[in-house]
Each structure stands twice: as C-alpha cells, then as structure tokens.
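Residue-level listing of the chains:
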Amino acid sequence: MKIYNTHNTKIWFSSDWHLFHENIIKYSKRPFTNVAEMNNKIVENWNSLVSENDICFFLGDFAFPKSKEQEKELARIVNSLKGREKHFINGNHDKKLKTYIKQCFTSISDYLELEVNDTDIVMSHYPFLSWNKSFYGSWMLHGHCHGTLKEDPHMKRVDVGIDCWKYSPVSFDVLKNKMDQKLKYIPAETVE
C-alpha cells in the first residue's frame, strides 16, 4: 500500500486503547478513575487531532466490551472517530471483537507493510527485532508493550501505543522527526 502524507491528508498511528478494560488503568498506571473517563479522553484526543480526510492505522488491542450495552457503545465510538480510512491490525486481545465492529474499519490484517512519502513502514501489534528492509531504513511500528520496551537509538522501531503518546494518536510527521534523530541502524544479528 502506498499513500501520501500531505497538508490535506495526514497519516496517524495508534495502538492499545483497551476501551472498556478496567484493569488496564491499574496495569499501565493510566491517570483515569474509571473506563468511562478513559474512553472519553481517548476518543476526545483522537477527534481533536484527526480530521475527516486523514488515514489512520490502529495496531491492535482496541477494546474489551463485556456486555451488549458496551458492544453497542463501542460501535457508536468507532463510527464517531474521525478519519477517511481506518485500517486495523489485530492485537492479542482483539479476537473477541465482533464482526460488525471490525466491519467499521477499511481493512483488517495481522501485519501490514506501507509506503508513506517514500518511507517504508512495517506494522504489527508486536515489536520485531528485525523486519523487512530494516537494513535500508524502514520503520517498524508496533504496540503491545505499553511503553515498557527499552528504546534502541539505532533501531527505527517505535511503540505507537497511547501510553507512550499522552493517550493520543501519533502522526507520520512526528514519527519522521523522531526517526530522523535516530543513529545509523545496526542490525541486531551483528551486535556482539
């Protein structure tokens, strides 16, 4: 897939929302008193940054609805999110998401390769140590770790989970600036 990040269309990435998941507040030390407050803040942050013409990628662990009421609320939330295209990459906690929720997304996959403005990007819910074209400067975007994976200044790998980005999505422009500051890539298999 090849897309362009322009002044009219921004590209956004996000992961690990864990909507309706009470325990994630404790596990990830999120600054919310309950899931309603957390859900509302995450959606508010999304819609304050993303425009209707933008292209968005969710890298898994989206929601944990536990009742019919929460499933209905989740469908309402998904349909309220701004963005022209919303692509979904499955996470380890997304197996129970209902088909009608997943149908709200433009595409669904377990792994995705993308080219944005001549930058190759590999995306998965899980972080990789080595990935396609990593020797040539491609990026690896992931979630799953909630900011606990130590960042390597030589690897163009970034956790796009909301716990790392003030409960907001992160733009291609911000990631490009971050990647441009990284040191020359040293392949993991050559490190002693």
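Participant: Can you walk me through the packing of aromatic side chains in this structure?
Facilitator: Here a ring pair, both rings aromatic, is described through the centre-centre distance and the interplanar angle of the planes. Under the criterion given, the structure shown has 13 aromatic pairs. Relative to Phe 105, the ring of Phe 88 lies with its centre 4.8 Å away and its plane at 45°, an arrangement referred to as tilted. Of this pair, Phe 88 sits in strand β4 (residues 85-89) while Phe 105 is found in the loop between α4 (99-102) and β5 (107-109), placing the two residues 17 residues apart along the sequence. Here Phe 88 matches Phe 105 in class, with each residue buried.

Participant: Help me out: how do you make sense of the nonpolar core in this one?
Facilitator: A general feature of soluble globular proteins is that nonpolar side chains tend to end up buried together. Counting 28 residues, the largest nonpolar core has Trp 17, Leu 19, Phe 58, Phe 62 and Leu 74 as the members making the most contacts within it. Secondary-structure elements contributing two or more residues to this core are α1 (22-27), α2 (35-49), β3 (55-58) and α3 (68-80). Examining the composition of this core, we find that five residues originate from one element, α2, more than from any other. When residues no more than four places from it in sequence are discounted, the contact partners of Leu 74 are Leu 19, Phe 20, Phe 62, Ala 63, Pro 65, Leu 97 and Ile 101. Grouped together as the second largest cluster of nonpolar side chains are 20 residues, Leu 112, Leu 114, Ile 121 and Leu 141 included.

Participant: Would you mind showing me how to read the pairing of strand β8 (residues 139-142) here?
Facilitator: Regular strands place side chains that alternate from one sheet face to the opposite one. Because side chains alternate across β8, one face comprises the buried residues Trp 139 and Leu 141, and the other comprises Met 140 and His 142, equally buried. Note: strand β7 (residues 119-124) against β8, three bridges, orientation parallel. Bridged to Ile 121 within β8 is Trp 139. Examined bridge by bridge, β8 and strand β9 (residues 157-159) share three bridges and lie parallel to one another. Looking at the pairing, Met 140 lines up with Arg 157 of β9.

Participant: Any chance you could explain the sheet that holds strand β2 (residues 11-14) here in plain terms?
Facilitator: By way of backbone hydrogen bonds, the strands of a sheet pair with one another, either parallel or antiparallel. Overall, mixed pairing links the five strands, which are arranged β5-β4-β3-β2-β10 in an open sheet. Two strands in the sheet have a free side with no partner beyond their single neighbour: β5 and β10 (170-171). Direction of pairing for β3 relative to β4: parallel, over a ladder of four bridges. Considered in β4, the bridge of Phe 58 is made with Phe 88.

Cut-offs used in this document
- Residues numbered from 1 in each chain as written.
- Predicted model: local features only at pLDDT ≥ 70, side-chain atom pairs only at ≥ 80, totals over all residues.
- Heavy atoms only, no water.
- Phe/Tyr/Trp six-rings, centres within 6.5 Å; stacked < 30°, edge-to-face > 60°.
- Helix = DSSP H or I, 4+ residues; strand = E, 2+ residues; numbered from the N terminus.
- Buried < 20%, exposed > 50% of the residue type's maximum accessible area, 1.4 Å probe, protein only.
- Core = buried A, V, L, I, M, F, W, Y, C linked by side-chain atoms within 4.5 Å.
- Contact = heavy atoms within 4.5 Å.
- Pairing = 2+ DSSP bridges.

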